[in-house]
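Residue-level listing of the chains:
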Amino acid sequence: MTLKLEPLHPLFVAQASGVDLTQPLSQEEIKDINAAMNTYAVLVWKNQPLSQAQQIAFSESFGPLDIGLKRVFKRKERLDDERLIDISNVDLNGELHRRDSPKNLSSFANQLWHSDSSFMSPKAAYSMLHALVIPSEGGNTEFCDLRAAYDALPANLKQEIKDLSAEHYALHTRIVLGDDAYTDEQKKAIPPAVWPLVMKHPGSQRSVLFVGVHAHKIIDWPIAEARIFLSDLLEHATQRRFVYEHQWEVGDMVMWDNRSTLHRGRRYDLNQRRELRRTTFNDVPEANLAAA
Ligand code: OGA
Ligand code: MN
């Protein structure tokens, strides 16, 4: 079958169908999905009951999977394969986490606008998030289009930011949320990464306003001035007209390009279960990102 796409937003995001994600993909299908990602940046697949192994196999057909922040936390995890990132509020015994658990802290950090692993070099290319259990209310995931955000900047701002770079730091979101109890070893596990504020997205050749909550400094700027400017740019990028809000259903698989979008989770009742699984691969030369 061939890939079918139905736009879900005026600027980006399509519902994709016609490909069975539980089965190995052909090179043709991979190219078509890459082409669709270049255009839409976020693809929503419905009714894809992926086992853990199937999610890994599907994701790995695009690139070698990365564990991201697990380099810092080194916690015992619920899912056996470390390449699966457990986006849930459930502990090792299958019970809900305590409200103030370290795991929930990570989930709260996911509620700030970010691009996965922008604090690393190489940074994330695609992430794939698959829903298994969803709360009765809340817990949506929002995405914003950083290409549209760049295009809509006034000319003077485009000029001002064209040669600026920001430093992205893995623990910044935790510090923002009141947690700075990290050992020196943890702080050094992921050194900060520097990215230009404006980048060309390789697949679409569109310019992207690369901001997000991991960006905590602008190179050669005073910190306070940089933080205010970064927060203004983030506010610009996340205006409602650039945002798609995904309301999860069990079996959904949403994949997004971290090089052209930001995302954030939304609040929900922590007394209800929410279980999703994420896979992510980085923007490395061996990734399979060529389009049809
Ligand atoms: C993620 C993430 C948000 C959410 O999985 O990378 O940021 O809604 N998730 O759970
Ligand atoms: Mn994320």
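Described below are features of the structure shown in this document. Since the structure is predicted, the reported quantities are computational estimates derived from the model, not experimental observations.

## Regarding the coordination of the manganese ion (ligand 2)
Coordination sphere of the manganese ion (ligand 2), protein contribution only: His-114 (NE2), Asp-116 (OD) and His-263 (NE2), at 2.1 to 2.2 Å. Coordination of the manganese ion (ligand 2) draws on donor residues from a single chain, spaced H-x1-D-x146-H in sequence. Here the residue Asp-116 occupies a position in the loop between helix 4 (102–109) and strand 5 (124–133), and His-263 occupies one in strand 14 (residues 261–265), the gap between them amounting to 147 residues. For the pair shown, Asp-116 and His-263 are each scored as buried.

## Let's talk about a nonpolar patch on the surface
A cluster of nonpolar side chains, namely Phe-108, Val-176 and Leu-177, defines an oily patch on the protein surface of about 230 Å² accessible area. Note on placement: Leu-177 falls in the loop between helix 7 (172–176) and helix 8 (184–189). Owing to a relative accessible area of 34%, Leu-177 belongs among the partly exposed residues under this scheme.

## Some points on the pattern of salt bridges
Inspection of every chain in the model, using the stated rule, returns 19 salt bridges. The salt bridge partner of Arg-78 is Asp-86, with a shortest N-O separation of 2.9 Å. You can call Arg-78 partly exposed: its relative accessible area is 24%. We classify Asp-86 as buried; its relative accessible area is 4%.

## Quick word on the pairing of strand 6 (residues 141–145)
Among the five residues in strand 6, five count as buried, and that is most of the element. Of the two faces of strand 6, the one carrying Thr-141, Phe-143 and Asp-145 and the one carrying Glu-142 and Cys-144 are both buried. Pairing of strand 6 with strand 14, which is carried by five bridges, proceeds in the antiparallel orientation. Along strand 14, the bridge assignment pairs Phe-143 with His-263.

## A few points about the nonpolar core
One finds Leu-146, Ile-161, Leu-197, Leu-209, Val-211, Leu-233 and Leu-262 to be the most contacted residues of the largest nonpolar core, which totals 30 residues. Residue contributions to this core peak at six residues, all from helix 9 (residues 223–237). Once residues within four sequence positions are removed from consideration, Leu-209 is found in contact with Leu-146, Ala-149, Tyr-150, Leu-153, Ile-161, Leu-197, Leu-233, His-236 and Ala-237. Residues Ala-36, Trp-45, Phe-62 and Met-128 belong to the second largest nonpolar core, which totals 29 residues.

## Things to note about the packing of aromatic side chains
Inspection of the entire model under this criterion finds six aromatic pairs. Taken together, a centroid distance of 5.5 Å and an interplanar angle of 70° make the contact between Phe-58 and Phe-62 edge-to-face. In this pair, the class of Phe-58 matches that of Phe-62, namely buried. Seen in terms of ring centroids, Phe-62 and Phe-281 are 6.4 Å apart; in terms of plane orientation they differ by 10°. Their pairing is stacked. In this pair, Phe-62 sits in the loop between helix 2 (52–60) and helix 3 (70–73) while Phe-281 sits in strand 15 (residues 275–282), placing the two residues 219 residues apart along the sequence.

Procedures and definitions
Residues numbered from 1 in each chain as written. Chains lettered and ligands numbered in written order. Predicted model: local features only at pLDDT ≥ 70, side-chain atom pairs only at ≥ 80, totals over all residues. Heavy atoms only, no water. Donors = N, O, S within 2.8 Å, 3.2 Å for Na, K, Ca; no water. Helix = DSSP H or I, 4+ residues; strand = E, 2+ residues; numbered from the N terminus. Buried < 20%, exposed > 50% of the residue type's maximum accessible area, 1.4 Å probe, protein only. Patch = residues over 30% accessible without salt bridge, like charges linked within 9 Å, V, L, I, M, F, W, Y side chains within 5 Å. Areas by Shrake-Rupley, 256 points an atom, 1.4 Å probe, with all protein chains shown as cover. Salt bridge = Lys/Arg side-chain N within 4 Å of Asp/Glu carboxyl O. Pairing = 2+ DSSP bridges. Core = buried A, V, L, I, M, F, W, Y, C linked by side-chain atoms within 4.5 Å. Contact = heavy atoms within 4.5 Å. Phe/Tyr/Trp six-rings, centres within 6.5 Å; stacked < 30°, edge-to-face > 60°.

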